[in-house]
Amino acid sequence: MATQLTPILTKFWDHPQSWTLATYEDNEGYQALKQALTMEPADLVQMAKDSGLRGRGGAGFPTGMKWGFLPPDDGGPRYLVVNADESEPGTCKDIPLMMAAPHFLIEGVAITSFAIGCNHAFIYVRGEVVHVYRRLLRAVEEAYAAGYLGKDIQGTGYDLDVTVHAGAGAYICGEETALLDSLEGRRGQPRLKPPFPAVAGLYARPTVVNNVESIASIPPILLHGSDWFADMGTEKSQGFGIFSLSGHVKYPGQYEAPLGITLRELIDMAGGMRDPSKKLKFWTPGGSSTPIFTDRHLDVPLDFESVAAEGSMLGTRALQIFDETVSVVRAVSRWIDFYKHESCGKCTPCREGTWWLAQVLERLEHGKGTPEDIDKLVDICDNILGRSFCALGDGATSPVTSAVKYFREEFEVGCHTPWWEAFPPEASTLFNQRSVKVNA
Amino acid sequence: MTVTSDKSSGEAPEVEMVALTIDGLEVSVPKDTLVIRAAEQLGIQIPRFCDHPGLDPVGACRQCLVEVAMPDREGNVKPMPKPQASCTMTVAPGMEVKTQLTSAVADKAQQGVMELLLVNHPLDCPVCDKGGECPLQNQAMSNGRASSRFEDVKRTYPKPINISSQVLLDRERCILCARCTRFSDQVAGDPFIALVERGALQQVGIYEEQPFESYFSGNTVQICPVGALTGAAYRFRSRPFDLVSTASVCEHCASGCSLRVDHRRGKVMRRMALATPEVNEEWNCDKGRWAFTYPMLDDRFELPMVRRDGELVPVSWQEALAVAADGLRATRSAVLVGGRVGREDAYAYGKLARLALGTNDVDFRARPHSAEEERYLAEHVVGSTPETGGVTYADLDTATTVVLVGFEPEEESPIVFLRLRKAYRKAATKVFSIAPLETRGLDKLGGTLLPSAPGTETEVLQALAGDGTSEHMGSDAFAAARTALRDPGAIVLVGERLATVPGALAAAADLARSASGRVAWVPRRAGERGALDAGTLPSLLPGGRLVADQADRSEIAELWQAETELPTTPGRDTAAILESASIGEIGGLVVGGVDVDDIGHADGHEALRRAFVVSLDLRESTVTPFADVVLPVAPHDESEGSFLDWEGRPRPYRAALDTTAMADHRVLSMLADELGVFLGTRSLREVRAEMDALAPRAPQGGRTDDAGDPPSPVSVPSPGPGEMVLATWRTLLDRGTMQDGEPFLAGTAKAPRAVMSPVSAETLSIVPGDLVTVSGGGVRVTVPVHIQPMVDHVVWLPTNSESCDLRALAGQAGAVVTVTKGGAA
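Residues numbered from 1 in each chain as written. Chains lettered and ligands numbered in written order. Predicted model: local features only at pLDDT ≥ 70, side-chain atom pairs only at ≥ 80, totals over all residues. Heavy atoms only, no water.

Visitor: Help me understand the overall build of chain B, please; the structure alone is not making it clear to me.
Guide: Scanning chain B from N- to C-terminus turns up 26 helices and 36 strands. For 825 residues, the compact-globule estimate of 2.2 N^0.38 gives 28 Å, and chain B sits close to it at 29 Å. Principal axes of the C-alpha set define a box for chain B whose edges measure 85 × 65 × 60 Å. Burial status across chain B gives 60% buried among its 825 residues. (Helix = DSSP H or I, 4+ residues; strand = E, 2+ residues; numbered from the N terminus. Rg over C-alpha atoms; globule rule 2.2 N^0.38 Å. Buried < 20%, exposed > 50% of the residue type's maximum accessible area, 1.4 Å probe, protein only.)

Shown next, in the form of structure tokens:
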């Protein structure tokens, strides 16, 4: 039986004014909040735990459990911070969600804040996406005007302020503690843990940091019950998620489906490969920081456990599809350029390792590699992975080690043949399906 | 020391110990110890760069990775999946740590990090100042790969750039450990450098508009684990392996920092802070680090001189001593010794006065002083040491409340400042300062200002101690101080400037008593505490023995094997000596290491002009033009001796350089010989044997309280139109003669400025940036104005900065000066 799509967060994205409060209210909007405000906060936390919702930001930590880590109320402030700094190459779920239906997030923020006893929540948005920033600001404004935020929400006496903050364009600020530093006005660099944010986060107060999609999933869960949510997906990876297909498929985009769907099913839904005559070569299951898969993995269920069992990570379900016209060395080289540029510089392995990897990869890309380079790449990665301060360095090694694992021969080609000879770029173009040799 | 004897530090609380194994060896360390420190206990050195015991852990360099296994809930020891940074991880019971010595994983991780650190590090060790003493070089050898596999392009920068006039930054060499930035931010409180940019382009940056203005910047050079930060004064001067190091103590203030003097072929090349946990920890100030060139200047005295036909001419020692003895023998003489000499030298000056000159006219206070101060020192300070319950640095670490009065720690005792900052950061110590304005130094201590115009300190102290009938009761700051003082154990730190405020020292002692706390006197000069205990005051003999006490006098006379009785009446203090000399009542002066202008006494020059002056000095000074005989003495780096720091802790130093120059005590012994008296101060051993023969005597507290005058009624100065009350103290870096010859250091001195309140400025129609002219008592200076909240109708200026010499006015608490807008016409 083929898996069906489950449009929940993406249900009304095709509405001409999907982002307005009115549209949202036509689609069960803010009913969950009204219900939540009549409940005990502890029951809301329990509901999140029961639903089995795991963090949608990549790591998959159980959301309800994270809320439960907050120490008992000491009378001081506690914060909810939404990580909307979506910057991973390939990942594009939060930005479309906030663009198309921002009120899911805002309602989720209100419910979560109420559940954890927070009166001031922050949404930290990636700074480059000004259009999303503006849309969020407008949505927050609407929510205040409608009495879903602000003082005495819906006459319950509960107060909540929401601040939307735009980052300044650093990938590292998606790391939760770097995000908190950045939000506090410092340079975004990861903090030493412990203390964990649950104990001393924003302004050294207990803080929950959640991904956009996790929080946006809360209103539907509350409305339809944790069982409804838990019935979707697999035993340990419950619920639905947005799968973002990009690259060489016919219809790239966001496909909301239960966890456990396979890439084969998703490619079918997306109309097949962009050029049906080209084979799938490799793909990322969850963004560039997750080890790549190949066509051997088409039937791996896309849930946390199955993907991990095959040596990668579900990550952010960012499925970048590359067909056989693409040089894996070149793709990896671009990703490493990204990590080199985005390494925050705090720790040695990530800072210096990405600097070095980028140069070795560039040589291999241009056919100027040496036979030692391939093992050197793998060994540099071994010296970065698990030695860095935060996960950025670990993530940077994933594409390299997995690409060498599956395509070592292609790196060997890099010792003598430049990429443009091994993988003529015109082969990837849509306008010229047949390979044409250009005399250089 | 005076008031309560029971200290909380008597019984240390039980420390919880944690047992773990490192490389299979068992060790038990206090809870919360870092793994890297626990390994040190076993003698296992884990390589590290960012880690520094004086700074908060950061875990940035990743050099100290080790394998760690921890027991789970059932007690099964499970290895952690990744190697852990031992500089950030604290110990846990049953933890099993494997360092590079027993773990292949840890060893590979360390070698990998080292190789990565060297990726962007230039191979310029052959021209690098750090080469030979470089942690990166050394640890690359001990924990790195034999050769690098990196054959690509290194990151380059223009090198070096100045981050201040004395600190240079070579960004290529920087390994981004953040020691310097953390030091500046955490320890010094001067976050003027910070890491900027990201990835491999991350670098230490400065503010474009704010200079790296910190009195402690030299420490960043010392703790830099590579040659990225270098001092302008030492850059390219020497090789570490050519240097000979001598442990010493700083001569610049009463903080008592341990120093390492590095010298080569008879010349001091640099000075470094030496770790002394109970005093300066691992830090020192820039003055202590870099102000060592003054004895190397051209005007150093090499030979004795006598004045003939108005000119000083070099003569033999024999002749100079004979002329000096003849001159002194012919008249009644007194001794002035500045606060710069060691206590053995001070002892010799005192002994010379009593034994050879037959007078108690001897005083070490070459600065504004008072009779009240002398009494206070005799009652509360002399004999106070860590052993007799005196306030110590460690007490500052844990104090609940510290009250500063007449004392600006950052300027006047920088290591006291660092300790107070540490106390504020780590122990939430509350600091209150009785002063006319809130300084940046007080701000860095999280301190609260108790506003007080110069001269009104007594009133504030009394109000704090009493039931609070004063007008000061109204303010929040005052109420906070009163509340804080209710917790027992407050410490009151008084500065030497308080001497001139009538009743203030006694009021400070009363406050400490009423708060069940203690009081400590923090002088500015390195030699003052030692000179006090060596008996160079008109009323004090060595060891706190009193001139006025027959038994004390006899004890000293016996010790000195004096043939005649010691003079029985207390002598004149510095001011009285100068006054008497200026009218001819005193005909001879033995002057050692005194800048007469520092005394700020109107009769100073006249006294020297009129008297027969024997000057013991290093270099040309303000006394030299009046000297009849000049006897050269050895500078600090060429002499052996000891200081007492403000705590009363002996701080012995050795001569770093071989020299033919003689120490003061030796010269004085020869002078006494010539006077026909055996002084017994020929060698340090002789002096020390004598000093040690005196049983220590703890301060007697207010034993003469009833004999003393009640605190004089305070007369608050009332400035007229166009007048203000002058508040002034010295900045750490100023025109002091012991900072001569070091232009890089002088380049970071604070520019003089006149600070006043908005109300004061408005009365004179002054706006920020204006020049003002301050005049009074024959002094006239023009400086830019700085406007900030402070006590109205008070103007603050530095005492002795470039083109701002107010030493003639500094002696009066609350001198009234005329302030006019604009430059001097």
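After that view, the rundown keeps rolling.
Visitor: Explanation requested: the interface of chain A and chain B in the structure shown.
Guide: Quite often, the size of an interface is put as the accessible area lost when its parts meet. Facing the 35 residues of chain A at the interface are 36 residues of chain B. Both sides of the chain A and chain B interface together cover about 2900 Å² of buried area, and 50% of this is carbon and sulfur. Considering only the surface of chain A that becomes buried against chain B, Trp355(A), Trp356(A) and Arg387(A) emerge as the three largest contributors, covering 24% of it. Close ionic contact of Asp379(A) with Lys108(B) constitutes a salt bridge, the shortest N to O distance being 3.0 Å. If you list the elements that add at least two residues to the side of chain A that touches chain B, you get helix H15 (328-342), helix H16 (348-365) and helix H17 (371-384) of chain A. When residues in the side of chain A that touches chain B are grouped by element, the largest group, 10 residues, is from H16(A). Looking at the side of chain A that touches chain B residue by residue, the class counts come to 10 nonpolar, 12 polar and 13 charged. (Contact = heavy atoms within 4.5 Å. Buried area = accessible area lost by both parts, 1.4 Å probe. Salt bridge = Lys/Arg side-chain N within 4 Å of Asp/Glu carboxyl O. Nonpolar A, V, L, I, M, F, W, Y, C, P; charged D, E, K, R; others polar.)

Visitor: Looking at this model, I keep getting lost on helix H7 (residues 130-145) of chain A. Mind explaining?
Guide: Each α-helix turn comprises 3.6 residues. Residues three or four places apart therefore point the same way. Residue and element names in this part refer to chain A. For H7, with 16 residues, the first-to-last C-alpha span of 22 Å sits near the 22 Å given by 1.5 Å per residue. Of all the positions in H7, only Val 132, Arg 135, Leu 136, Ala 139, Val 140, Glu 142 and Ala 143 are classed as buried. All buried residues of H7 fall inside an arc of 160 degrees around its axis, so they share one side. More than 90 degrees from the buried face of H7, the exposed residues found are Arg 134 and Ala 145. For H7, the secondary structure elements touched by its buried residues are helix H1 (21-26), helix H5 (94-100), helix H6 (102-116), strand E2 (120-125) and strand E3 (161-166). (Expected span 1.5 Å × (residues − 1). Arc of directions from axis to C-beta.)

Visitor: Before we go on, may I ask you to explain the pairing of strand E20 (residues 430-435) of chain B in this structure?
Guide: All names here are of chain B. When you tally the buried positions in E20, you get five out of six residues, the bulk of the element. Here four bridges tie E20 to strand E21 (residues 448-451), and the two strands are oriented parallel to one another. Considered in E21, the bridge of Ala 435 is made with Pro 451. (Pairing = 2+ DSSP bridges.)

Visitor: Got a minute to help me understand the UniProt feature "domain: 4Fe-4S Mo/W bis-MGD-type" (unreviewed entry) in chain B in this structure?
Guide: Here, UniProt's "domain: 4Fe-4S Mo/W bis-MGD-type" (unreviewed entry) annotation points to residues 243-299 of chain B. The span residues 243-299 of chain B carries 9% helix and 35% strand; its end-to-end C-alpha distance comes to 26 Å. (UniProt positions renumbered as here; feature names shortened; annotations may be inferred.)

Visitor: Could you clarify how one ought to interpret the sheet that holds E21(B) in this entry?
Guide: Hydrogen bonds along the backbone pair up the strands of a sheet, which may run parallel or antiparallel. Residues and elements named next belong to chain B. Strands sit in the order E21-E20-E19-E22-E23 across an open sheet of five strands; the sheet is parallel. Every interior strand has two partners, whereas the edge strands, E21 and strand E23 (518-522), have only one. If you compare each strand with its neighbour and ignore which way they point, the axes differ by 20 degrees on average. On top of the sheet, helix H14 (residues 457-465) reaches strand E19 (401-405), E20 and E21; it is set at about 140 degrees to E20, its chief contact. Sitting on the sheet, helix H16 (residues 504-514) is in contact with strand E22 (491-495) and E23, with an inclination near 170 degrees to E22. (Axes fitted to C-alpha atoms, helices over the stretch in contact; angles between N-to-C directions.)

Visitor: What is the right way to read the UniProt feature "domain: 4Fe-4S His(Cys)3-ligated-type" (unreviewed entry) in chain B from this model?
Guide: The feature "domain: 4Fe-4S His(Cys)3-ligated-type" (unreviewed entry), as given by UniProt, occupies residues 105-144 of chain B in the numbering adopted here. Helix makes up 60% of residues 105-144 of chain B and strand makes up 0%, while its end C-alpha atoms are separated by 14 Å.

Visitor: Please clarify how the environment of Glu362(A) should be interpreted in this entry.
Guide: Mapped onto the fold, Glu362(A) is located in helix H16. Taking the C-alpha atoms as reference points, Glu362(A) and Glu305(A), separated by 57 residues in sequence, lie 34 Å from one another.

Visitor: Please explain the packing of aromatic side chains as it appears in this structure.
Guide: Think of a pair of aromatic rings as described by two things: how far the centres are apart, and how the planes are tilted against each other in angle. All names here are of chain A. Evaluated as defined, the whole model comprises 27 aromatic pairs over all chains. Considering the side-chain rings of Phe 12 and Tyr 24, the 6.4 Å spacing of their centres and the 50 degrees angle between planes classify their relative orientation as tilted. Of this pair, Phe 12 sits in the segment before H1 while Tyr 24 sits in helix H1, and the two are 12 residues apart along the sequence. Taken as a pair, Phe 12 and Tyr 24 share a single burial class, namely buried. Between Tyr 24 and Phe 104, the ring centres sit 5.0 Å apart and the planes meet at 75 degrees, which makes this aromatic pair edge-to-face. Here the residue Tyr 24 occupies a position in helix H1, and Phe 104 occupies one in helix H6, the gap between them amounting to 80 residues. Sitting above the plane of the Phe 407 ring, Lys 281 keeps its charged end 5.4 Å from the centroid. Cation over ring: Arg 330 sits above Trp 419, and NZ or CZ is 3.6 Å from the ring centre. (Phe/Tyr/Trp six-rings, centres within 6.5 Å; stacked < 30°, edge-to-face > 60°. Lys NZ or Arg CZ within 6 Å of the ring centre and 35° of its normal.)

Visitor: Is there a simple way to explain the sheet that holds strand E11 (residues 229-231) of chain B in this structure?
Guide: All names here are of chain B. Pairing is antiparallel in the open sheet, where three strands are placed in the order E7-E8-E11. Where the open sheet ends on each side, the last strands, each with one partner, are strand E7 (161-162) and E11. Judged from the two bridges that link them, E7 and strand E8 (residues 167-169) form a sheet pairing that is antiparallel. Pairing of Asn 162 across the sheet is with Leu 168, part of E8.

Visitor: Help me understand helix H18 (residues 391-413) of chain A, please; the structure alone is not making it clear to me.
Guide: With 23 residues, H18(A) extends 31 Å between its outermost C-alpha atoms, agreeing within 8% with the 33 Å of an ideal straight helix rising 1.5 Å per residue. By the largest-angle criterion, Phe407(A) marks the main kink of H18(A), which is about 95 degrees. (Bend = angle between axes of the 7 residues up to and from the residue.)

Visitor: Explain the layout of surface pockets here, please?
Guide: In this approach, a probe sized like a water molecule rolls over the atoms, and the result shows the empty space that is left. Its boundaries defined by the atoms lining it, the second largest pocket holds a volume of some 1100 Å³. Taken together, 32 residues make up the lining of the second largest pocket; nearest its centre are Asp181(A), Arg186(A), Arg182(B), Asp185(B) and Gln186(B). Looking at the lining of the second largest pocket, the elements that each hand over two or more residues are helix H4 (179-188), strand E9 (193-196), strand E10 (203-206) and helix H12 (414-427) of chain B. The residue makeup of the lining of the second largest pocket, split by class, is 17 nonpolar, five polar and 10 charged. (1 Å grid on protein atoms, 1.4 Å probe; cavity = no way out; pocket = protein on both sides within 12 Å on 5 of 7 lines; lining within 4 Å. Points joined across faces, edges and corners; volume = space filled by probe spheres on them.)

Visitor: Explain empty space enclosed by the protein to me, please; I cannot follow it from the model alone.
Guide: All names here are of chain B. Applying the stated rule across the entire model yields 15 cavities of 30 Å³ or more. Volume-wise, the largest cavity comes out at about 430 Å³. What lines the largest cavity is a set of 29 residues, among which Arg 497, Thr 500, Thr 728, Trp 729 and Ala 810 lie closest to the centre. Put simply, the parts of the chain that give the lining of the largest cavity at least two residues each are E20, strand E29 (723-729) and helix H26 (807-810). With four residues, E29 is the largest single contributor of residues to the lining of the largest cavity. A per-class count over the lining of the largest cavity returns 13 nonpolar, six polar and 10 charged. Counting residues domain by domain, the lining of the largest cavity receives three or more from each of domain 4 (373-523) and domain 5 (723-821). Of the voids in this model, the second largest cavity is the one considered here, and its volume is about 170 Å³. In terms of lining, the second largest cavity is formed by 14 residues, of which the most central are Val 221, Gly 231, Tyr 234, Arg 270 and Met 272. Residue assignment for the lining of the second largest cavity shows that the elements contributing at least two residues are helix H5 (218-223), E11, strand E14 (267-273) and helix H6 (286-290). (Domains from an automatic or database assignment.)

Visitor: What should I look at first to understand the domain arrangement of chain A in this one?
Guide: All names here are of chain A. The domain boundaries assigned to chain A delineate domain 1 (21-230), domain 2 (240-323) and domain 3 (328-439). Using only C-alpha atoms to locate each centre, domain 1 and domain 2 end up separated by 27 Å. Every contact between the two is made by 18 residues of domain 1 and, on the other side, 17 residues of domain 2. Across the domain 1/domain 2 interface, buried area totals approximately 1400 Å², and carbon plus sulfur atoms make up 52% of it. By the criterion of area lost to domain 2, the three top residues of domain 1 are Arg 54, Arg 56 and Lys 93, representing 28% of everything that side buries.

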